[in-house]
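Residue strings, one per chain:
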Amino acid sequence: MIMKSLKKQIFLYSSLFVFTSCTTDSFKKGFQSPSAEYRPMPFWHVKGDVEKSEIMKQIAEADSAGFGGVTFLPIYGMTPEFLGDEYFSLYSDVLSDLEKRGMKAVLYDDISFPSGTAGGEMERKFPDYTRKRLDRTVYEVNGPHTFTSDVPSGVLMSAVAMNEYSKERIDISKYISDGKLKWQAPQGKWKVMFFNAVKDGTHKKYLVVDLLDSLSMSKFMTLTYDKYEENFKKYFGNLINYSFFDDVGFFRAERTWTLAFNEKFEQLYGYSPVLLYPALWENIGPETESARVALFNTRAELLAEGFPKTVARWADKNGLKSTGHPPGNYNPMPVDMNADIFRFYRYTQMPLMDAIIGYGYGRDGHKLVSSAADYYDRPMVGAEIYGAIKDKVFDADMMFRIAMETFARGANFIVPHGMWYKDKVGIPPLISIHNPKLEGKLPEYSEYIGRMSYILRGGRRVADIALLYPISDLQGFFRFQAKENIRPGHWISDYTNYNRISEMLTEDIHCDFTFVHPELLLTDKYSISDGKLKLMNTENYQDYEILIMPAQKVMSVETLSKVKDFYDAGGKIIAVGKLPSVSSENGKDNELSKLIEEIFGNISQSSHEYGISVNDNSNNGKAVFLPELTFDGLNYALELTNTVKDVILGTLPDLNSSEGCLSYIHKNKEGRDFYFFANSTDKHIDTEVSLRGKMTLELWNPYTGEITPVSDVLYKEKNGQIYSCFNLELDSIDSVVIVGK
């Protein structure tokens, strides 16, 4: 049952009391009647011959559904032609009608997706500034032998000869003259390799801009963003507050490259990358992993400084916030999708997660996006939800189920996917009043989204656990054109478990956490004191008592040194699975191994269940090694740290995460603690909840806006800490906000 008109009787006082108490609190008023900026802003896919009367009719329908506005998304085949005078005239009519209704608009930056084509104008007007691809040409040479060859077409990035047995590598570019290589190969079996950047194709209709190059991006901006600025500047910062980009990354283009790559690499590392290029395809000996980390780090930097930075700077100039997403920002392997999600969102004012394709798909990765927002102290986290979920499984229950799970993972701005012009649905499901499965539910849904977005936007998220993001290990593992990589975004080592730890903490153990990027951990935004690792943000500061290291072979010595500092200062560390043995800095493997031994001691001497070994120090620091990830093992490892939990749940029914989960998020804002509990399962939950601290509690109903005191709160001491304890009942596909003060 979706409509929760009232919660259980133990929570209810009279409606008169509720009304009287709320009228004195503006924040409560905002919760009860959320304004347009907090309500859903669905994609509105517009295709075919567009009639103004139909456009106005659908805006009225969106208004009646309670939507706060729309994200006008033109689709190929639309008339009037995208970016033409008639198109902008139509767009003006849309904005004018939205303004009259008190609704909002999100500026979608292109036609269809991915962003970066300008509807084909990019390749027509600026073909030299479109995406580049790195190609490798290989010749096998048995020396001694004089080898000659034409240099392949494209821009030469590297020419290397590598001995197949010793892995010795020679820069042979100096033997190139007038487009021909003439090289005297020494004794042995050699691979002669050319690496050339060439213009790439596309898996969609048109070529996209070179995402990694700021000059190319400046060309793209003149075709799209600047045109909207010229025509609709007066709406910026009031009716239009956000710009939206879509699928900006490497999906089906894993070898995306750019001509300035070598220059950027030298800026970052102080030497040429030429001799490292073979590592992108194969093993080059002991330097393999460190070479890949450096190369893929450079590409991640170029992407971050390219498309998202350029758009964010434009948005900032115009009083807007940029949002959008790369492909696969939830997938376990980022290298062939978004490079590095933390770097990608360095400049974007509102990082956005992508909850699409199927129920539960990518759910274990959504916290990567909200964790990036946490680090950058961004108050807003967007979510594009529902796209490509099949009609046969999508209904009103599913609509609420996915929304509440997304909120629990940190989202507070919702873009449903979506409305379709004249309901000619190209990608299901249809989120409009014309979908019979949603009949009568959209106004309630919009109120729910508005209230939850209002509650969760801004403030400080409370989480005691930091989960290290093993980006160096993922980079060190990845290589181009691997036969094993049959599904982009999912090819990982057999020991990679960070995404499974994420799922287990959220859905099974019910402990919130934040992903921490290993390089950002080295910045001055993180400090160590009082046995805690502290994220030193102005608003969204966080204190972590436990740092979890997922399985990884490759890790930075600098990062592990910071981890040891945390342990030495009394911090609690849990390593799960494989311990690092290869340094991401070339030649420092021994230093890495020494640090591992100093932190974890002799892991072969297990004296606990599940093969767990524990190492302690005189400052109450504790390092726990769990050799294999299991629910019981990880739960036991957490218990061994003797930390005081923020939220403790009592007995629960057996919950299958494929059919939903129980999850929560805790935020502190406006002098209150807000706890959102979401039961997306089909089971009834009746359990005791214990919240750290002594508080007076209220129940804020996100479905109705009613606010009632929580009765029968008991204050109990657990592990030396006072908890506020009460009974929580949640129906199937149900959620509630508990507010403590």
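Every chain's residues receive numbers from 1 upward, in the order its sequence appears when written. In keeping with the model being predicted, local features are shown solely for residues with a pLDDT of at least 70 and side-chain atom pairs are shown and tallied solely at 80 or more, while totals for entire chains, interfaces and linings include all residues. With hydrogens and water excluded, all non-hydrogen atoms of the structure serve as input to the side-chain values.

**Focus: the environment of K233**
At step 1: For helices the rule is a DSSP run of H or I covering at least 4 residues; for strands it is a run of E covering at least 2, with both sets numbered from the N terminus onward. Mapped onto the elements, K233 comes out in the loop between helix 7 (225-232) and strand 9 (240-246).
At step 2: Spatially, the C-alpha atoms of K233 and N318 are 7.8 Å apart, while their sequence positions differ by 85 residues.
At step 3: In this structure K233 touches Y228, K317 and N318, once residues within four positions along its chain are discounted. In what follows, a contact means two residues having at least one pair of non-hydrogen atoms within 4.5 Å.

**Observations concerning the packing of aromatic side chains**
At step 1: Two aromatic rings, drawn from Phe, Tyr or Trp (for Trp, its six-membered ring), form a pair once their centres lie within 6.5 Å of each other, and the interplanar angle then sorts them: stacked below 30 degrees, edge-to-face above 60, tilted otherwise. If you walk through the whole model with that rule in mind, you get 67 aromatic pairs.
At step 2: For the pair F220 and F307, a centre-to-centre distance of 5.8 Å together with 40° between the ring planes defines the contact as tilted. Here F220, found in helix 6 (residues 214-223), pairs with F307, found in helix 10 (residues 307-317); they are 87 residues apart in sequence, far enough to count as distant.
At step 3: With a centroid separation of 4.6 Å and an interplanar angle of 50°, the aromatic rings of F477 and W491 are classed as tilted.

**A word on the pairing of strand 31 (residues 697-700)**
At step 1: Should DSSP find at least two bridges between two strands, the strands are regarded as paired. Here strand 31 pairs with strand 35 (residues 734-740) via 4 bridges, running antiparallel. By the bridge assignment, L697 is partnered in strand 35 with G740.
At step 2: Bridge count for strand 31 against strand 32 (residues 707-709) is 3 bridges, and the pairing is antiparallel. Bridge pairing in strand 32 links W700 to I707.
At step 3: A loop of 6 residues connects strand 31 with strand 32, the two strands running antiparallel in sequence, and G705 in this loop sits at a positive phi of about 85°.

**Describing the nonpolar core**
At step 1: Note on terminology: a nonpolar core comprises buried Ala, Val, Leu, Ile, Met, Phe, Trp, Tyr and Cys residues joined through side-chain atoms within 4.5 Å. Burial classification: accessible surface area is computed with a 1.4 Å probe over protein chains only, and a residue below 20% of its type maximum counts as buried, one above 50% as exposed, and the rest as partly exposed. Counting residues in each nonpolar core, the largest one holds 199 residues, and the members touching the most others are I55, F72, Y445, F600, L634 and F676.
At step 2: With near-sequence residues (within four places) excluded, I55 lies in contact with W44, V46, V50, F72, L90, V94 and Y421.
At step 3: With 20 residues, the next largest nonpolar core counts V647, L691, L697 and L728 among its residues.

**Details of helix 10**
At step 1: Of the residues making up helix 10, those classed as buried are F307, P308, T310, V311, A312, W314 and A315.
At step 2: Following helix 10 by one or two positions, G319 has its phi on the positive side, about 70°.

**Considering helix 7**
At step 1: When helix 7 is considered as a whole, its buried residues turn out to be Y225, Y228, E229 and F232. Within helix 7, the buried residues cover an arc of 100° as seen down the axis, which keeps them to one side. What the arc covers is the set of directions going from the helix axis to the C-beta atoms.

**What to know about the sheet that holds strand 20 (residues 542-544)**
At step 1: Taking strand neighbours across the sheet as the criterion, the 3 strands line up as 18-19-20 in an open arrangement whose pairing is antiparallel. The open sheet has two edge strands, strand 18 (526-529) and strand 20, and neither has a second partner. Strand-to-strand, the axes of this sheet are offset by a mean angle of 25°, without reference to chain direction.
At step 2: Examined bridge by bridge, strand 19 (residues 532-535) and strand 20 share 3 bridges and lie antiparallel to one another. When the bridges of strand 20 are listed, K534 appears paired with D543. Working convention: axes come from line fits to C-alpha atoms, limited for helices to the stretch in contact. Angles between N-to-C directions cover 0 to 180 degrees.

**Some words on the packing of helix 7 against helix 10**
At step 1: Contact pair helix 7 / helix 10: the axes reach a minimum separation of 11 Å and the direction vectors enclose 10°. One finds that helix 7 runs roughly parallel with respect to helix 10. Along the contact surface, helix 7 presents Y225, D226 and E229, while helix 10 presents V311, W314 and K317.
At step 2: Residue composition of the contact of helix 7 with helix 10, grouped by class: 3 nonpolar, no polar and 3 charged. Oblique is the label for any angle not covered by the other classes, which are roughly parallel (under 35 degrees), roughly antiparallel (over 145) and roughly perpendicular (65 to 115). In this count, Pro and Cys sit with the nonpolar residues alongside Ala, Val, Leu, Ile, Met, Phe, Trp and Tyr, while Asp, Glu, Lys and Arg are called charged and the others, Gly among them, polar.

**Thoughts on the packing of helix 13 (residues 396-408) against helix 14 (residues 442-456)**
At step 1: For the pair helix 13 and helix 14, the least separation of the axes is 11 Å and the interaxial angle reads 5°. Judged by the angle between their axes, helix 13 and helix 14 are roughly parallel. Along the contact surface, helix 13 presents M399, F400, A403, M404 and F407, while helix 14 presents L442, E444, Y445, Y448, I449, M452, S453 and L456.
At step 2: Of the residues assigned to the contact of helix 13 with helix 14, the class counts are 11 nonpolar, 1 polar and 1 charged.

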